[in-house]
Amino acid sequence: LVVLGGLGAGLTSFLRHLTARCWDDAGPVHHVVADPATATVPLGALARWSGHVDRVEPTASDLDRVAAGLASGGALVIVDGAHDLDDRSALAVAEAGRRGARLLIGLSAHRPLPAPLAVLERDGLATRVVLGPIDDTAVTRLAARVLGGPVEPGVVRTVTSSVGHAPAAVVDVVRASARSGALRRNGSVWRQVGSLGVPPTLVARVEHTLAGIDEAGREGIDLIAVARSVPQAIAVDVVGAETLEALERAGIVEWIVSDGSGARAALTHPAVRTVRLARLSPVRAARLAGQLRVAIERRGATHPGQVRTPDDRALDAALALQHGEPWDATDALTAARAAREVGDIALAEAVCRAALRDHDDIPVAIELGELLIALGRNVEADELLAALAPDDPADRALVVMARAVNLAYHLDRVDDATSLLTDALRTSVDGDWEAELQGLIGVFELVRGRTVEAVRIAEPHLGDGAGRHFVEAATAAGPALVMMGRSVEAADLAQRSLDARLALGEQPVLADPGLHALIRSLALTEAGRLDEAVELGRFVESTAIEIDSRQGQMWAGVIVGRALLLQGHFGAARRSFELAAAAATDLNMVLQLRWARGGALLAAAHIGDLDDVRHAADALDACPPTELGLMASEIHRARAWAAIARGDRRGGAELLRAAADLAADTRQPGLEVIPLHDLVRIGLVDDTDRLERVAATVQGELARWRSAHGRALAAGAADGLVEVAEHFERLGAIVLAAEAANQAAWAARRVGMSSLADVARSRMVRLLAQRPEAGTPSLAPHPGFGLLTDREREVAELAARGDASKAIAARLGVSVRTVDNLLQRVYRKLGIRGRDDLRALRHGGSAAVSAVGRD
């Protein structure tokens, strides 16, 4: 077995763990450790086994004797650092393998396997395993295990930006930071209170990785570390083409490409940059920064008029930091925002902290607060913002708003956030700032679930159509209007607020333009303009990924996932919601985490895989509680569909009605209409009058055809259901269309309209071919199941799975005669002869088709 591991992957630990867990033979175990020191000595790594062999020029018989010793007794030979084996040691190990020894070979990634061992792999005698990086979720679990308690999301982001996702490197930094006090327990949760250190163990790992790199290569590594990334032409000038090629072959340097900037040289492993920067003296760091500055200026002189990209501005910021230059506040803000734009939040934070060391500046402090919030270090951000006491009214308003957003969204203290804004309105702001703070109070009313109050507060500030206060008010009013069923108005308002936000340019403590685009996407979804909604949402999502905006990714994942659900792309919707949940976890945004987990459960339930439904339901149950109630009815709806997927239609229906009642209680007909239509989708028509009343108050075609669906099913109108299916398909709601078509086929069969039934069924088959993963009850081979009473359906399900009448009677607490009578009613309604047909219907077999045809 050949195991590859990169820097900090824990290769040595893995080899030991694998041996302890998997080696249960009685044979001996030989540990061979190769390193750069043994690589220059023939049989140097095998000194313990080579005895009196001549180390200068061992003979073939010497190699044979060493191999025999290694293989004796069917031994396990563990080679740690196989890339550093000298040729003769590699030959001896390979020969031991041929003589019956089991070989466990640890190899550094990006380093070749010695030729004699590579032959074993080429001949199919060895299997290769790669220890790759772990994801953020695994890093979170690992850090919690090391520390003995949960960690703030910001800790994970800081650790991974420092050393990447290699588990051993993560353990190094987390342990050392806990010992130094940089990580400290706050209640039950560990949070960051200082800069993470560079422990000796991590230094040793990096130095081992760099063993064999010559002086020119190390100089090149340090130059790139100082700069973060270097444009290709400048890298070639200052590092040299041959050195760059050698570093690339060794896996130390990689080439990254960003829009408008061309190829740039960067270090492959964040840990290499962290360690090399920590070991640079200020004098040497300044010298390297100056060297790069000269090269940049020379290149600029030969290419006048070249456009400066965010990457270029971030490079300038990195060099200025290393040069120890004082920061002007305006320059610091420009540099920090450029660093954020290219996804280097750690650089942005360093720039802000350097500027604040030189002088106090409120805008820079606010920028730092927003950076800490983006990193998930929310307690630290609140402490920073609470300590600020600006004199300027505008600065006071910005500080209050930044702190309020952090309290409400990230620390789940919406009452404190609202009180903070209310106090500021009484004492310290006026004019447009007063309007903006009122707009933010409207946003908080929105996230509480008080949509009517949110619109009432925001409405007076929507007339201007420009300025920060209009944008903030629209942030509250847009989603609230969607929930209230006024999605067409909301889409128009979101477009105007998007235009106004773009006109404002870069702004502190104000949501990015992408949020307004996503509010429009949400409104378009609920209005039934699904293709437009997905296209707009995907654009925002791709932009958020490009600039590494976790908040943008979170919002986009939730909004796009919702549109994909309506389109019937359930697998894609679930992935979108899961990505949103990961981002919400990073950002410590509890309300949005619940939305994302609820959406993932809805998607899983519509697919119908019960294992996935269980896992998604467990994830939703594990979400922390929150006092924020926006879209709480959708959480009920997710749990309802989980029950339906498990076969509990009665329980699902109760939850759907509870969801509708909750939306009605909070005066949100835009949400109330959805669970009422879900009842129709599972064949229940008792609530269709209510569905029609509510849908009449909701804007957009989607609500209109939801209402028509209920009316047609209640009347048993096959032609009406066909019309509904046609319009759902036109809107892009493919699964809703397939469900209506299937119900139309059954309704037509019942009244002898065979031709219409065949047309409707063909439509359903064609639509399902576009959404093969859909698995809702109304897509079952025989939609007549939806017309059974709850008790009839219960008995039918139990009989279809093979339970005898006596067993069914005992389970339900009724007599056997009652069970048999219920089954007879089921057979009549479904037009089938008995249990065999019932089982066929349940499993979608050929008998199911014939049974439908007989009705």
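Above this text is the structure in question.
The shown structure was predicted, so the numbers you read here are calculated from the model rather than taken from an experiment.

**A closer look at the overall build of the protein**
Okay, so step 1: Helices and strands together make up the secondary structure of the protein, namely 44 helices and 10 strands.
Okay, so step 2: Burial statistics for the protein: of 855 residues in total, 55% are counted as buried.
Okay, so step 3: Summarising the internal contacts of the protein: among those between residues at least 6 apart in sequence, 67% fall at separations of at least 24.
Okay, so step 4: Total accessible area on the protein stands at roughly 35000 Å², and carbon and sulfur atoms take up 52% of it.
Okay, so step 5: Charge centroids of the protein, computed over 95 positive and 111 negative side chains, lie 7 Å from each other.

**Details of helix H32 (residues 632–645)**
Okay, so step 1: The end-to-end C-alpha distance of H32 is 20 Å, a good match for the 20 Å that 14 residues give at a rise of 1.5 Å each.
Okay, so step 2: Counting buried residues in H32 gives 10 out of 14 residues, a clear majority hidden from the surface.
Okay, so step 3: All buried positions along H32 are accounted for by Ser-633, Glu-634, Ile-635, Arg-637, Ala-638, Ala-640, Trp-641, Ala-642, Ala-643 and Ile-644.
Okay, so step 4: Looking at the buried residues of H32, the elements they touch are helix H28 (550–567), helix H30 (590–607), helix H31 (610–621), helix H33 (649–665) and helix H34 (669–681).
Okay, so step 5: Of the residues one or two after H32, Gly-647 is the one with positive phi, at around 95°.

**Concerning the sheet that holds strand E2 (residues 29–33)**
Okay, so step 1: If you walk across this open sheet you meet the 5 strands as E2-E3-E4-E1-E5, and the pairing is parallel. Among the strands making up the open sheet, the edge pair consists of E2 and strand E5 (128–131). If you compare each strand with its neighbour and ignore which way they point, the axes differ by 15° on average.
Okay, so step 2: Bridge count between strand E3 (residues 76–80) and strand E4 (residues 102–108): 5 bridges; the pairing is parallel. Pairing of Val-79 across the sheet is with Ile-105, part of E4.

**With respect to the packing of helix H10 (residues 215–227) against helix H12 (residues 241–249)**
Okay, so step 1: Direction vectors running N to C along H10 and H12 enclose 85°, while the axes themselves pass 10 Å from each other. Judged by the inter-axis angle, H10 sits roughly perpendicular to H12. Of the residues in H12, those in contact with Ala-216, Gly-217, Ile-221 and Ile-224 of H10 are Thr-243, Leu-244 and Leu-247.
Okay, so step 2: For the contact of H10 with H12, a count of residues per class yields 5 nonpolar, 2 polar and no charged.

**Description of unusual backbone geometry**
Okay, so step 1: Positive phi outside glycine occurs at Leu-43, with the angle close to 60°.
Okay, so step 2: Owing to a relative accessible area of 0%, Leu-43 belongs among the buried residues under this scheme.
Okay, so step 3: Positioned with a positive phi, Val-509 is a non-glycine residue whose angle comes to about 50°.
Okay, so step 4: Looking at the element boundaries, Val-509 is found in the loop between helix H25 (487–504) and helix H26 (513–527).

**Examining the pattern of salt bridges**
Side chains that carry opposite charge are capable of pairing whenever their charged atoms lie near each other.
Okay, so step 1: Counting across every chain of the model gives 58 salt bridges.
Okay, so step 2: Here Glu-219 makes a salt bridge to Arg-284, at a shortest N to O gap of 2.7 Å. Here Arg-284 lies in helix H14 (residues 282–302) and Glu-219 lies in helix H10, a separation of 65 residues in the sequence.
Okay, so step 3: Across the pair Arg-791 and Glu-794 runs a salt bridge whose closest N-O atoms are separated by 3.3 Å. Residue Arg-791 and its partner Glu-794 are located together in helix H40 (residues 790–800), separated by 3 residues, close to a single helical turn.
Okay, so step 4: In this structure Arg-791 comes out as partly exposed when scored by relative accessible area, which is 28%.
Okay, so step 5: Taken together, the shared-partner salt bridges connect Glu-207, Arg-218, Glu-219, Asp-222, Arg-276, Arg-279, Arg-284 and Arg-287 into one network.

**Here's the deal with the packing of aromatic side chains**
Okay, so step 1: Scanning the model with the defined rule gives 2 aromatic pairs in all.
Okay, so step 2: Taking the centre distance of 6.2 Å and the plane angle of 85° together, the rings of Tyr-409 and Phe-444 count as edge-to-face. Residue Tyr-409 is located in helix H20 (residues 393–410), and its partner Phe-444 is located in helix H22 (residues 431–448); the two are separated by 35 residues in the primary sequence. The same class applies to Tyr-409 as to Phe-444, namely buried.

**Quick notes on the pairing of E3**
Okay, so step 1: The buried fraction of E3 is high, at 5 of 5 residues.
Okay, so step 2: What you see with E3 is no split at all: Leu-76, Ile-78 and Asp-80 on one side and Val-77 and Val-79 on the other are buried throughout.
Okay, so step 3: Of the pairings in the sheet, the one linking E2 to E3 comprises 5 bridges and is parallel in character. Its bridge partner being in E3, His-31 is matched across the sheet by Ile-78.
Okay, so step 4: You can see the chain leave E3, run along helix H4 (residues 87–98) and come back into E4, and the turn it takes is right-handed.

Criteria and thresholds
- Residues numbered from 1 in each chain as written.
- Predicted model: local features only at pLDDT ≥ 70, side-chain atom pairs only at ≥ 80, totals over all residues.
- Heavy atoms only, no water.
- Helix = DSSP H or I, 4+ residues; strand = E, 2+ residues; numbered from the N terminus.
- Buried < 20%, exposed > 50% of the residue type's maximum accessible area, 1.4 Å probe, protein only.
- Contact = heavy atoms within 4.5 Å.
- Areas by Shrake-Rupley, 256 points an atom, 1.4 Å probe, with all protein chains shown as cover.
- Lys, Arg positive; Asp, Glu negative; His and termini not counted.
- Charge placed at Lys NZ, Arg CZ, Asp CG, Glu CD.
- Expected span 1.5 Å × (residues − 1).
- Pairing = 2+ DSSP bridges.
- Axes fitted to C-alpha atoms, helices over the stretch in contact; angles between N-to-C directions.
- Parallel < 35°, antiparallel > 145°, perpendicular 65-115°, else oblique.
- Nonpolar A, V, L, I, M, F, W, Y, C, P; charged D, E, K, R; others polar.
- Salt bridge = Lys/Arg side-chain N within 4 Å of Asp/Glu carboxyl O.
- Phe/Tyr/Trp six-rings, centres within 6.5 Å; stacked < 30°, edge-to-face > 60°.
- Right-handed = clockwise from strand over helix to strand, strands pointing away.

Everything listed is a geometric property; what it means functionally is a separate question.
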